[in-house]
Amino acid sequence: MPLLYNEFYNARTGLTIGLKKLLFSKQSQYQLVEVYETDTWGNLMTIDGMVMLSERDEFVYHEMLSHVGLFTHPNPERVLIIGGGDGGTAREVMKHPSVNHVDMVEIDKTVVDASKEFLPDVGDFNNPKLNVLYEDGIAFIKNTTDPYDVIIIDGSDPVGPAEGLFEKDFFELCQKALNDEGVLTAQTESPWVESYYSSMKKVFHAIDDLFPVSKMYLSFIPLYPAGMWSMACASKTENPLSDAVYNRITNGIDHIKPLKYYNADLHKGAFALPNFVADVIER
Ligand code: SPD
């Protein structure tokens, strides 16, 4: 019987990945962190039995969570990442020449340690722009005094330690921690998985109340439940679909290469939502 990883996201329906071996397993103070060597996806990190990233498809998630917000801001210098312990989001953020400081606030050092050892090409942990803090993201943002240009929420699914990252109170704190032209992006789960709907609604209704511009966008990530993944983009001034943003991408994209997923047309197209997806977050 071959070794298989199964993530059942809908009763008995789920995702199966062929495994070669278990490379790492640790029950931290917060969660069970595991890394497997897979047959076809490179090394794979899971948290509490849910896929976080594989070496082969991580670029989609990290490019889309980072560049959509970074290009929406006119001049992103200071960036805060809540979660993101594998380092992939920070890697993409630090490609932007205007970014000079990134605080990455990860609650669980085990995620960072496992990533450095078993997903060595994902993070760019020696980059001098990066400051890693091992703290609870919600407590951090409550006390932060120096505002950010962009905040990115790269948490896990809304169960366990990441649950609070889907609450309105948390987004209110993020809104206050952003400067006048601030932009926020967040990972917001799969529109095909109904058990996520209440969390998705909470996030999108919260940012709709708190920001002048708030939108959902999509990307396609093979190892996440049902392959279609939603993200949020909220902004204090700039509309991510404005001509100014499109021009900023076309003029700036050569400076942030290599990119395997993101480009100017994809940025625009990602905000086009199928009707059933738009219905999930309609009030
Ligand atoms: N079920 C997948 C949820 C993904 C959340 N974040 C992944 C972390 C990658 N940096």
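Described in the following lines is the structure provided in the data block. All residue numbers refer to positions counted from 1 along the written sequence of the respective chain. A pLDDT threshold of at least 70 governs which residues receive local features in this predicted model, and a stricter bar of 80 or more applies before side-chain atom pairs are shown or counted, although totals over entire chains, interfaces and linings include all residues. Side-chain numbers come from the whole structure's heavy atoms, not from hydrogens or water.

The next subject is unusual backbone geometry. Comment: phi is negative for the bulk of residues other than glycine, and the bulk of peptide bonds are trans. Of note, the bond from K257 into P258 is cis; its omega dihedral lies within 30 degrees of zero at 5°. Only DSSP runs of H or I reaching four residues or more are called helices, and only runs of E reaching two or more are called strands; each is numbered from the N terminus. Mapped onto the elements of the fold, P258 is located in the loop between α7 (243-252) and α8 (264-269).

A few words now on the packing of helix α5 (residues 168-176) against helix α6 (residues 197-210). Interaxial distance between α5 and α6 falls to 9 Å at its minimum, and their mutual angle equals 35°. Regarding α5 and α6, the two cross each other, and that crossing is right-handed. The residues of α6 that touch α5, namely those facing K168, F171, E172 and Q175, are V203, A206, I207, D209 and L210. Three residue categories are used. Nonpolar comprises Ala, Val, Leu, Ile, Met, Phe, Trp, Tyr, Cys and Pro, charged comprises Asp, Glu, Lys and Arg, and polar comprises the others, including Gly. Classifying every residue of the contact of α5 with α6 gives five nonpolar, one polar and three charged. To obtain each axis, a line is fitted to C-alpha atoms, and for helices this fit is confined to the stretch in contact; angles are then taken between N-to-C directions over 0 to 180 degrees. Crossings are assigned a handedness: left-handed for a near helix turned anticlockwise from the far helix by less than a right angle, right-handed for a clockwise turn. Should any heavy atoms of two residues lie within 4.5 Å, those residues are counted as being in contact.

To continue, consider the packing of aromatic side chains. Aromatic contacts are taken between Phe, Tyr and Trp rings whose centres are within 6.5 Å, Trp giving its six-membered ring; a plane angle under 30 degrees counts as stacked, one over 60 as edge-to-face, and the others as tilted. Within the structure shown, the criterion is met by nine aromatic pairs. Summarising the aromatic geometry, the rings of Y5 and Y36 are spaced 5.9 Å apart at their centres and angled 55° between planes, so their arrangement reads as tilted. Of this pair, Y5 sits in strand β1 (residues 4-10) while Y36 sits in strand β3 (residues 32-38), and the two are 31 residues apart along the sequence. Owing to a relative accessible area of 6%, Y5 belongs among the buried residues under this scheme. On the basis of relative accessibility, which here comes to 12%, the residue Y36 falls in the buried class. Aromatic pair F170 and F171: ring centres 5.3 Å apart, planes at 70°, arrangement edge-to-face. Note on accessibility: F170 and F171 belong to one class, buried. One aromatic cluster is present, formed by Y61, Y196, Y224 and W229 through successive ring pairs. Directly above the ring of Y148 sits R78, whose terminal nitrogen or CZ lies 4.4 Å from the centroid. Look at NZ for Lys and CZ for Arg. If either is within 6 Å of the ring centre and within 35 degrees of the ring normal, a charge sits over the ring. The aromatic ring of F125 is capped on one face by K116, whose charged end is 5.1 Å from the ring centroid. A simple rule labels every residue: compare its accessible area, found with a 1.4 Å probe on the protein chains alone, to the largest value its type can have, and call it buried under 20%, exposed over 50%, or partly exposed in between.

Within the fold, Q187 resides in strand β10 (residues 178-187). Within polar-contact distance, the side chain of Q187 engages the backbone oxygen of G155 at 3.4 Å. Two N or O atoms count as a polar contact when they lie within 3.5 Å, although within protein this holds only if one can serve as hydrogen donor and the other as acceptor, and sequence-adjacent residues are included solely when both atoms are side-chain atoms. Polar side-chain contacts of Q187 include one of 2.9 Å to the side chain of W229. Not counting residues within four places of it along the chain, the set of residues in contact with Q187 comprises Y61, L65, I153, G155, S156, D157, F166, W229, S230 and M231.

Further remarks concern the pattern of salt bridges. Side-chain pairs of opposite charge can arise where the charged atoms are in close proximity. What makes a salt bridge here is a side-chain nitrogen of Lys or Arg within 4 Å of a carboxyl oxygen of Asp or Glu, nothing more. Evaluated as defined, the whole model comprises 12 salt bridges. With a closest N to O distance of 3.0 Å, R91 and E58 form a salt bridge. Separated by 33 residues along the polypeptide, R91 in helix α2 (residues 88-93) and E58 in helix α1 (residues 58-72) bring together distant segments of the chain. Taking relative accessible area as the criterion, E58 reaches 10% and is therefore assigned buried. Among the salt bridges present, the one from K95 reaches E92, with a minimum N-O distance of 3.0 Å. Connected via shared salt-bridge partners are E58, R91, E92 and K95.

Turning our eyes to something else, we now look at the nonpolar core. The biggest cluster of nonpolar side chains holds 85 residues, and the ones touching the most others in it are I17, V79, I151, I153, F170, F171 and L184. Among the elements that line this core, the one with the most residues is α1, at eight residues. Not counting residues up to four positions away in its chain, the partners in contact with V79 are L70, V93, V99, H101, V102, D103, Y148, V150 and I152. Among the nonpolar cores identified, the runner-up in size contains 13 residues, and V33, V35, M50 and V111 belong to it. Think of a nonpolar core as a cluster: buried Ala, Val, Leu, Ile, Met, Phe, Trp, Tyr and Cys residues, connected wherever their side-chain atoms sit within 4.5 Å.

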